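Descriptive analysis of the structure
Here is what each chain is made of, one letter per residue.
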Amino acid sequence: MAVSGLIMVLFLLAHMYGNLKIFEGRQAFDGYSAYLREVGEPLLPHSGALWIVRVVLLLSVFVHIYAAFTLWHRSRAATRGKGAWRYESAKNRRGVQRSYSSFTMRWGGIIIGLFVIYHILHLTADYIAPGGASPSPYQRMVNGFSIWWVVLSYAVALIALGFHLRHGVWSAFASLGANTSVARRRALNVTATAVAAIILVGFFIPPLVILVGWVR
C-alpha cells in the first residue's frame, strides 16, 4: 500500500507541474500535451510512453485498493467486527488517537476515486464537456473551469485529496521503516504536510485563475 501510494504521489507532482504550464498560454500547454504522446519515439510507438505510465498508475490504483481492503478485513477479523481499541494516552483516555486526516482516509479515497473518473472523462477523453467540448486540452480547461460549480467540485475533491495525502505520505514512510525516533516522526509530519499543501495549492491555482478571468 505504501509503495503504490508513493507512485501515485510522484505522478501527482508531475501532473501538477504540467497543469501549471497553463500560464504559458495555449500553444505551450497544447504543445506540452502533444509532447507527452511523442516521448520515446521512434523507439516506442506514438503515445507508447504515455500508455506505460497509465498502466503503471492503473496497477498502482488496483494494488492500493486491494491493500486497503485487505488491511480493513484483517482488522475486522482480529476484533471480531467490533473495531480496534485505539491507543490510550494522556491526550485521549477514551483510546481514539487519530487525526481527522486518518479518520477520513476511507471515504476520502472513495471521493477521490469517483472524481478521478469524472476528471478523465472531462479533461482527457472530452466525453463530459461543461462549458463546451474542444480538441485543445488548453481550451477544455478554460471552458470547464470558467464555470463556478466545476471549480467547486474540483475544490471538494482537492480537499479530500489533501487530507488523504497528509496521512498517507506519513503512513507510507512509517510503513517503510522511516519512523524510528521522535525527530524522524517530526520530520515525517512536516514532510507529509508540505507535500499535501504543495499538491493541493498547485492543483487549485489553475482552476482559480481561470475562474476569475486571469487566464482565458
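Everything discussed here concerns the structure shown above.
This text gives an overview of the structure that appears in the document.

Rules of the game
Residues numbered from 1 in each chain as written. Predicted model: local features only at pLDDT ≥ 70, side-chain atom pairs only at ≥ 80, totals over all residues. Heavy atoms only, no water. Salt bridge = Lys/Arg side-chain N within 4 Å of Asp/Glu carboxyl O. Buried < 20%, exposed > 50% of the residue type's maximum accessible area, 1.4 Å probe, protein only. Helix = DSSP H or I, 4+ residues; strand = E, 2+ residues; numbered from the N terminus. Axes fitted to C-alpha atoms, helices over the stretch in contact; angles between N-to-C directions. Parallel < 35°, antiparallel > 145°, perpendicular 65-115°, else oblique. Left-handed = near helix turned anticlockwise from the far one by under 90°. Contact = heavy atoms within 4.5 Å. Nonpolar A, V, L, I, M, F, W, Y, C, P; charged D, E, K, R; others polar.

Here we take up the pattern of salt bridges. Overall, the coordinates contain 2 salt bridges when judged by the stated rule. For the salt bridge of Glu-24 with Lys-21, the shortest nitrogen-to-oxygen distance reads 3.2 Å. The exposure class assigned to Glu-24 is exposed, which follows from its relative accessible area of 51%. Its relative accessible area of 13% is what places Lys-21 among the buried residues. Between Asp-30 and Arg-26 there is a salt bridge, with the nearest N and O atoms lying 3.6 Å from each other. On the criterion of helical spacing, the pair formed by Asp-30 and Arg-26 is a turn pair, its members being 4 residues apart in helix H2 (residues 26-38). Of the residues examined, Arg-26 reaches a relative accessible area of 40% and is grouped as partly exposed.

Relative orientation of the contacting elements helix H5 (residues 105-124) and helix H7 (residues 148-175) amounts to 135°, with a least axis distance of 9 Å. Classified by the angle their axes make, H5 and H7 are oblique. The handedness of the crossing between H5 and H7 is left-handed. Residues Met-105, Gly-108, Gly-109, Ile-111, Ile-112, Phe-115, Tyr-118, His-119 and His-122 of H5 lie in contact with H7, whose contacting residues are Trp-149, Val-150, Ser-153, Tyr-154, Ala-157, Ala-160, Leu-161, Phe-163, His-164, His-167 and Gly-168. The class makeup of the residues in the contact of H5 with H7 is 12 nonpolar, 8 polar and no charged.

Interpretation in functional terms is not warranted from these geometric data alone.
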